[in-house]
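Letter by letter, the chains look like this.
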Amino acid sequence: MPPILSLENISKRFGAIVIADRINLALGEGEALGIIGPNGAGKTTLFGIATGMVAPDAGRVLLAGHDVTALSPARLCTLGLARSFQIPQPFGGMTVFENLVVAAAFGGRRGEGQVYAGCVEILERCGLADKMNRLAGSLTLIDRKRLELARALATDPKVLLLDEVAGGLTEHECAALVALIRDIRRQGVSIVWIEHIVHALIAVVDRLAVLHGGAIIAEGAPHAVIRDPAVEEIYMGIPADA
């Protein structure tokens, strides 16, 4: 079977800044892939390219073997590709429940009345059932991040792209988030997770890729990648000869 999501020979630059230089990356069905790299390495831009928000200069994006490079974010969402954002972006003046209904009805192309029960179930899984009638704008950071995940799940994704969802959380909150993402994965959702909180990432993913200077400089089993001298020097700040 083809990978559920593939980036093939993706190139992107903004003026003289090279964000991606013929990057190839594939996600297997049911797999969890982690991506790390320094700030400004282009990780979020890759998500933008994968979800139709940023057009690549060259290369293509494939979803379940089909070329989807030119499709809009809305169309990709209906095909099963969902993402979270590094900074949660809920509809602050709507309730938590209403946020999910919008995601499920429009992202999943279902009638409003058809999605209510599913939205309640997702809120229960994400630990937000007791807050469903609160305005989204009043939530704490951890609950906004949970809502960001819940809204993505409400679209019924096959592939979920997570952008630094653990950032700013306490250790306890981070552990709860890891448990939630593990549960999402058990439901059969394939995951790509960008994260700076490396221990949280390694607790979930099967494979780790490191992005630097517009290229994937290391890829493989998470613990092996972390111990790679080039990764230690570039990402961890540890000289290769230390």
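These figures come from a predicted structure and were not determined experimentally.

1. Some remarks on the overall build of the protein
Next, step 1: Within the protein, the regular secondary structure consists of nine helices and ten strands.
Next, step 2: For the protein, the C-alpha radius of gyration of 18 Å lies close to 18 Å, the compact-globule estimate for 242 residues.
Next, step 3: Considered along the principal axes of its C-alpha atoms, the protein spans approximately 55 × 40 × 35 Å.
Next, step 4: Going through the 242 residues of the protein one by one, you find that 49% of them count as buried.
Next, step 5: Taking the contacts inside the protein whose residues are at least 6 apart along the sequence as the reference set, 65% of them involve residues at least 24 apart.
Next, step 6: Surface exposure of the protein reaches about 10900 Å², of which carbon and sulfur atoms provide 55%.
Next, step 7: If the 22 positive side-chain charges of the protein are averaged to one point and the 26 negative ones to another, these points end up 4 Å apart.

2. Describing the environment of L71
Next, step 1: Inspection of the secondary structure assignment puts L71 in the loop between β5 (66–67) and α2 (73–78).
Next, step 2: In the structure, L71 is positioned 19 residues away from G52 in sequence and 6.1 Å away in space, judged by C-alpha atoms.
Next, step 3: Apart from residues lying up to four places away in sequence, L71 is in contact with G52, L76 and L79.

Calculation criteria
- Residues numbered from 1 in each chain as written.
- Predicted model: local features only at pLDDT ≥ 70, side-chain atom pairs only at ≥ 80, totals over all residues.
- Heavy atoms only, no water.
- Helix = DSSP H or I, 4+ residues; strand = E, 2+ residues; numbered from the N terminus.
- Rg over C-alpha atoms; globule rule 2.2 N^0.38 Å.
- Buried < 20%, exposed > 50% of the residue type's maximum accessible area, 1.4 Å probe, protein only.
- Contact = heavy atoms within 4.5 Å.
- Areas by Shrake-Rupley, 256 points an atom, 1.4 Å probe, with all protein chains shown as cover.
- Lys, Arg positive; Asp, Glu negative; His and termini not counted.
- Charge placed at Lys NZ, Arg CZ, Asp CG, Glu CD.

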